[in-house]
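Observations on the three-dimensional arrangement
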Amino acid sequence: MPRFALTLSSTLLLTLAACSAEPSPRAAVIQQAQPSHADLGKLRVHYNLLPTLAMNDTVARSYQVQREADRALLVVALRQLEQGEELPAEGKVQAIATNLSGKRQQIELRAVRTGDYTDLIGLLDAHPRDQLRIDLQISADAGAGNVRFERNF
């Protein structure tokens with residue numbers, strides 16, 4: 001009888017373990033790359049948001065940015081579209097970041113020269129597992145409008 005009881009209790013434990021509330025593992029789902037530009041009339045707006053620690057030292061120095069945990073860099077580049085070419089464009093950009101709890105950050109942008117082009121960059125708080133929505137308001141001679149995108153950290 002003890003052998004039967006041992007077998008029964010082992011079977012019962014295995015059955016209970018199989019009924020746990022944990023979801024079974026699922027295969028990874030590859031997500032499509034998010035677009036990183038938007039066209040507003042003849043104005044193309046390139047944008048990106050990345051952790052400052054993801055930049056190499058050379059890029060960080062060229063942008064005069066400190067690489068820090070919990071900080072992200074927003075890069076916005078305005079280009080005028082002319083016959084399939086992207087030419088330098090000037091304009092004004094206002095940027096606001098909002099996290100899932102509704103906390104908003106106004107992002108102060110400054111101009112940085114990269115060759116013949118001028119890009120706009122700004123720093124903001126970004127913590128692990130943050131999901132940030134970035135709202136851009138753009139005004140330029142070549143076009144104007146709003147761009148919204150999200151990034152997960």
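Placed above this text is the structure.
Described in the following lines is the structure provided in the data block.

Moving on to the nonpolar core. A general trend in soluble globular proteins is that nonpolar side chains are found buried together. Core analysis: the biggest nonpolar cluster contains 27 residues, and Leu-74, Leu-124, Ile-134, Leu-136 and Ile-138 have the highest contact counts within it. For this core, the elements supplying multiple residues, two or more each, are strand S1 (37-40), strand S2 (43-51), strand S3 (71-82), strand S5 (91-98), strand S8 (117-125), strand S9 (131-140) and strand S10 (143-152). With five residues, S9 is the largest single contributor of residues to this core. If we ignore the near neighbours within four places in the chain, the residues touching Leu-74 are Asn-48, Leu-49, Ala-95, Ile-107, Leu-109, Leu-120, Ile-121, Gly-122, Leu-124, Ile-134, Leu-136 and Phe-149. Grouped together as the second largest cluster of nonpolar side chains are nine residues, Leu-50, Ala-60, Tyr-63 and Val-112 included.

This next bit is on unusual backbone geometry. Notably, Asp-70 is not glycine yet its phi reads approximately 65°, a positive angle. Summarising the element assignment, Asp-70 is placed in the loop between helix H2 (57-63) and S3. On the basis of relative accessible area, Asp-70 is assigned to the partly exposed category, the value being 34%. With phi around 70°, Arg-129 is a residue other than glycine that occupies positive phi space.

A few words now on the pattern of salt bridges. A full pass over the atoms with the stated rule returns seven salt bridges. For Glu-86, the salt bridge is made with Arg-44, and the minimal N-O distance between the two is 2.9 Å. Note that Glu-86 is positioned in strand S4 (residues 85-88) and Arg-44 in strand S2, a separation of 42 residues in sequence. For Arg-44, a relative accessible area of 18% puts it in the buried group. In this structure, the salt-bridge partner of Arg-67 is Asp-57, at a minimum N-O distance of 3.2 Å. You can see Arg-67 sitting in the loop between H2 and S3 and its partner Asp-57 sitting in helix H2, a full 10 residues away along the chain.

Rules of the game
- Residues numbered from 1 in each chain as written.
- Predicted model: local features only at pLDDT ≥ 70, side-chain atom pairs only at ≥ 80, totals over all residues.
- Heavy atoms only, no water.
- Core = buried A, V, L, I, M, F, W, Y, C linked by side-chain atoms within 4.5 Å.
- Buried < 20%, exposed > 50% of the residue type's maximum accessible area, 1.4 Å probe, protein only.
- Helix = DSSP H or I, 4+ residues; strand = E, 2+ residues; numbered from the N terminus.
- Contact = heavy atoms within 4.5 Å.
- Salt bridge = Lys/Arg side-chain N within 4 Å of Asp/Glu carboxyl O.

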